Amino acid sequence: GIQVEQSPPDLILQEGANSTLRCNFSDSVNNLQWFHQNPWGQLINLFYIPSGTKQNGRLSATTVATERYSLLYISSSQTTDSGVYFCAVARDDMRFGAGTRLTVKP
Amino acid sequence: DAGVTQSPTHLIKTRGQHVTLRCSPISGHKSVSWYQQVLGQGPQFIFQYYEKEERGRGNFPDRFSARQFPNYSSELNVNALLLGDSALYLCASSLRDTYYEQYFGPGTRLTVT
């Protein structure tokens, strides 16, 4: 099956800093989504982005399907951005990466 | 509009027992998928149903089964519970099959003692 690797596994930032999270996948995929999992376990949709670039406020994402990677950019981070960020790709089934745990300190 | 709902929120069962978890999709969504998330890991795909038919199955034993009802709600059943089945079980719904944009419910946290 498709392998999904996320980096870095852990990231600690000061409030206001910017960050880039990466998702690499091992084969062509039909769909790709980014999620934020809050401390209560709820997975919140950030982007549905099988290709191209999207922006939503302080967050943006880019997927380069031909090179099998996606990037999630967080600008001017806030403490409420803390949590685990997951990339998930779909072809025959849906595969999640292991996540990036982000901690934003005040 | 209501999001994906799951019940119960929490559940404690004993080894060997059976459990049924329930999921109601977003109105208009015809696809439901189930995932297991063990602490510290990403969710793992269990099943996908679309228009009441199983469209995908992950690498889980036959103790796990599911079904989708005419109103598109779904049940996940797990028989002969093992300690290792303790996890957060997540349900997701989407408009179409082929794992189109998925929206997740809050999950059911199952503890097996």
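Located above this text is the structure these notes cover.
Asks: Would you explain the overall build of chain A in this entry?
Replies: Secondary structure assignment for chain A yields 0 helices and 11 strands. Along chain A, from the amino end to the carboxyl end, the secondary structure elements read β-β-β-β-β-β-β-β-β-β-β. For 106 residues, the compact-globule formula gives about 13 Å, and the C-alpha radius of gyration of chain A, at 13 Å, lands near that figure. For chain A, the spread of C-alpha atoms along the three principal axes comes to 40 × 25 × 20 Å.

Asks: Looking at this structure, how should I read the interface of chain B and chain A?
Replies: By a widespread convention, an interface's size corresponds to the accessible area lost as its parts come together. Taken residue by residue, the interface counts 17 residues in chain B and 18 residues in chain A. Between chain B and chain A lies a buried interface of about 1,400 Å² when both sides are counted; carbon and sulfur atoms form 55% of it. If you sort the residues of chain B by the area they bury against chain A, Tyr99, Glu101 and Phe104 of chain B come out on top, with a joint share of 36%. Our count for the contact surface shared by chain B and chain A stands at 0 salt bridges. Taken together, the links from chain B to chain A amount to 5 residue pairs in polar contact (both at pLDDT 80 or more). For the side of chain B that touches chain A, the elements supplying multiple residues, two or more each, are strand E4 (31–37), strand E9 (87–94) and strand E10 (103–104) of chain B. Taken together, the residues of the side of chain B that touches chain A sort by class into 10 nonpolar, 6 polar and 1 charged.

Asks: Would you mind going over the state of the cysteines with me for this structure?
Replies: By definition, a disulfide is the covalent link that joins the sulfur atoms of two cysteine residues. Residue and element names in this part refer to chain A. The full count for this structure, using the stated rule, is 2 disulfides over all chains. Cysteine 23 shares a disulfide with cysteine 87; S-S distance 2.0 Å. Measuring handedness by torsion sign, the sulfur bridge of cysteine 23 and cysteine 87 sits at about -55 degrees and is left-handed. Within this pair, whereas cysteine 23 is found in strand E3 (residues 19–25), its partner cysteine 87 is found in strand E9 (residues 83–90), the two being separated by 64 residues in sequence. Judged by relative accessible area, which is 0%, cysteine 23 ranks as buried.

Asks: Is there a simple way to explain unusual backbone geometry in this structure?
Replies: Trans is the common state for peptide bonds, and a negative phi is the common state for residues other than glycine. Omega for the peptide link from serine 7 of chain A to proline 8 of chain A comes to -10 degrees, which places this bond in the cis form. Topologically, proline 8 of chain A is positioned in the loop between strand E1 (4–7) and strand E2 (10–14). Across the junction of serine 7 of chain B and proline 8 of chain B, the peptide omega takes the value -5 degrees, indicating a cis bond. Counting through the fold element by element, proline 8 of chain B comes out in the loop between strand E1 (5–7) and strand E2 (10–13). We note that arginine 68 of chain A has phi near 60 degrees; this positive angle belongs to a residue other than glycine. Tracing the backbone through its elements, the reader meets arginine 68 of chain A in the loop between strand E7 (59–64) and strand E8 (69–74). Overall, the relative accessible area of 35% leaves arginine 68 of chain A in the partly exposed class.

Asks: I would appreciate a short explanation of the sheet that holds strand E6 (residues 52–56) of chain A in the present structure.
Replies: Neighbouring strands of a sheet are bound in pairs by backbone hydrogen bonds; such pairs are parallel or else antiparallel. All names here are of chain A. An order of E1-E3-E8-E7-E6 is seen for the 5 strands of this open sheet, with the pairing classed as antiparallel. The sheet terminates laterally at E1 and E6, the two strands that pair on one side only. Averaged over all adjacent pairs, the angle separating strand axes in this sheet is 15 degrees, with direction ignored. Where E7 and E8 come together, 6 bridges link them in antiparallel fashion. Across the sheet, the residue bridging to serine 60 is tyrosine 73, located in E8.

Asks: What am I meant to see in the sheet that holds strand E7 (residues 64–68) of chain B here?
Replies: Residues and elements named next belong to chain B. The 4 strands lie next to each other as E1-E3-E8-E7, forming an open sheet whose pairing is antiparallel. Strands with a single pairing partner mark the edges of an open sheet, and in this sheet they are E1 and E7. This sheet shows a mean twist of 15 degrees between the axes of neighbouring strands, independent of strand direction. By the bridge criterion, 3 bridges tie E1 to strand E3 (residues 19–24) in an arrangement that is antiparallel. Following the sheet pairing, serine 7 is matched in E3 by arginine 22.

Asks: What is the right way to read the side chain of glutamine 33 of chain A from this model?
Replies: Residue placement: glutamine 33 of chain A occurs in strand E4 (residues 31–37). Given a relative accessible area of 1%, glutamine 33 of chain A falls into the buried group. Side-chain polar atoms of glutamine 33 of chain A contact the backbone nitrogen of glutamine 102 of chain B, separated by 2.7 Å. Discounting residues that sit within four places of it in the chain, glutamine 33 of chain A has contacts with Asn45, Phe47, Tyr48, Phe86, Cys87, Ala88 and Met94 of chain A together with Tyr100, Glu101 and Gln102 of chain B.

Criteria and cut-off values
Residues numbered from 1 in each chain as written. Chains lettered and ligands numbered in written order. Predicted model: local features only at pLDDT ≥ 70, side-chain atom pairs only at ≥ 80, totals over all residues. Heavy atoms only, no water. Helix = DSSP H or I, 4+ residues; strand = E, 2+ residues; numbered from the N terminus. Rg over C-alpha atoms; globule rule 2.2 N^0.38 Å. Contact = heavy atoms within 4.5 Å. Buried area = accessible area lost by both parts, 1.4 Å probe. Salt bridge = Lys/Arg side-chain N within 4 Å of Asp/Glu carboxyl O. Polar contact = N/O pair within 3.5 Å; in protein donor to acceptor, adjacent residues only side chain to side chain. Nonpolar A, V, L, I, M, F, W, Y, C, P; charged D, E, K, R; others polar. Disulfide = S-S within 2.5 Å. Buried < 20%, exposed > 50% of the residue type's maximum accessible area, 1.4 Å probe, protein only. Pairing = 2+ DSSP bridges. Axes fitted to C-alpha atoms, helices over the stretch in contact; angles between N-to-C directions.

Any functional reading would require information that these geometric values do not contain.
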